[in-house]
Structure formats: structure tokens, C-alpha cells
Amino acid sequence: EMVRVREQPSVPAGDTARGQRDPALNPKGNHFPAKNLRRTTAKGGRAAMTTATGNVTARYRDFVVTAERGQVNYQTNLAVFEGNVCFRIGIQEARGDRIEINIRTFEWSFTPATTTIKPEFTRGYIRAPIFANARKISGIRDRQVSGFGTEVTTCDLPNEHYDITAESVVVY
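Our subject in this report is the structure included herewith.

What counts as what
Residues numbered from 1 in each chain as written. Predicted model: local features only at pLDDT ≥ 70, side-chain atom pairs only at ≥ 80, totals over all residues. Heavy atoms only, no water. Helix = DSSP H or I, 4+ residues; strand = E, 2+ residues; numbered from the N terminus. Buried < 20%, exposed > 50% of the residue type's maximum accessible area, 1.4 Å probe, protein only. Contact = heavy atoms within 4.5 Å. Polar contact = N/O pair within 3.5 Å; in protein donor to acceptor, adjacent residues only side chain to side chain.

A word on unusual backbone geometry
Most peptide bonds are trans, and most residues other than glycine sit at a negative phi.
Thought 1: The backbone of Asn-55 shows a phi angle near 55°, a positive value even though the residue is not glycine.
Thought 2: Secondary-structure assignment places Asn-55 in strand β2 (residues 47–60).
Thought 3: Residue class for Asn-55 comes out exposed when judged on its relative accessible area of 57%.
Thought 4: The backbone phi angle of Asn-77 is positive, close to 60°, even though this residue is not glycine.
Thought 5: Along the chain, the position of Asn-77 falls in the loop between β3 (63–73) and β4 (78–89).

Next comes the structure, spelled out in C-alpha cells:
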């Protein structure tokens, strides 16, 4: 199961209000806090779906998603988050309107999205950050990032001196 549900507003992953480790959470601190939670169950008592609205934070291993609303369908293994979404895998972060994550394969797709690809993410293959805007950014875990309908630049000025526009860009 991807998440453990907590029905109170968020505290840091795995901590209680007094700063003690929550024994109900595993050591990775997986949780899904939000203002409003609803969980449905399928036949046999297994979780079918978790729906959350209002300041949603979902964590799984080194994935962190914040959004206005989220839904995890355990039957299809698809998690969907919408509204002011911020998605982080380790050191890499992207922002946009909607993200879909397959919780079994860790494939993800973000539409539309902006991101800064840091040299640390590429393990030194680039020397400066790459700033990207795209109609869609997708990836497989943290191994590869693909952009579609993309504008990229390494210029960090408000009105960049140049950009590269491409139908697709892949960084791996």
C-alpha cells in the first residue's frame, strides 16, 4: 500500500505533534495528510481508493507531492494530484497543474510543468542548471526526465538571452 492515512493536519513525516516518532508509520515516514480525507474499501476489506482535498501532502520513499487535491486508486495503482502541484524526487523538483504517478512502476507524467534540472541530478553531465517549461514532463522514477512541447535554457536572467524550443527533450 502506498500511503498510511492520517486524519489530522500535517506534521513532519513520521513525527507526532510532540516531535516523537509515530509508531504507526514505517521508518520511511510514508503518509498522506490533508484537511479532508475519505477512504473507500473494496470487497474483502482492502483499500480501494483514498481521496484528499485541502493542503494535501503525499510521501512515499523519496517521492513527495503537494497539491490542493489528490486521489490514489489502489485497484489501478494510479495516484493523481491536481491544483498547484509540486513534485519532488530526491533533489529534483517540478511544478504544474496535474501529475499522475503509477505507484507500482514509478512512472510519472506532469502537465503542464516547469522544472530546473540541476547538475547534481545528472551526476555532473551538465555544468549549469537547465530551466524548462513544457506542455508535459514525464519520467521513470529519477532515472530519466522527458519534456514535450518544451522550451529550455541555461540562462537564469528574467528575460533570457536564448532558449531552445523542441517537441521533445530527454535528460538521463
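Considering the environment of Glu-167
Thought 1: Turning to its location among the elements, Glu-167 is positioned in strand β9 (residues 164–171).
Thought 2: Sequence separation between Glu-167 and Thr-150 is 17 residues; the distance between their C-alpha atoms is 6.1 Å.
Thought 3: Leaving out residues up to four positions away in the same chain, Glu-167 has contacts with Arg-135, Gly-147, Phe-148 and Gly-149.
Thought 4: A distance of 2.8 Å separates polar atoms of two side chains, one belonging to Glu-167 and the other to Arg-135.

Overview of the environment of Thr-150
Thought 1: As for its placement among the helices and strands, Thr-150 is situated in strand β8 (residues 144–153).
Thought 2: Judged by relative accessible area, which is 2%, Thr-150 ranks as buried.
Thought 3: Taking C-alpha positions, Thr-150 is 7.9 Å from Lys-136, a pair spaced 14 residues apart along the chain.
Thought 4: Apart from the residues lying within four places of it in its own chain, the contact partners of Thr-150 are Ala-132, Asn-133, Ala-134, Ile-164, Thr-165, Ala-166 and Val-169.

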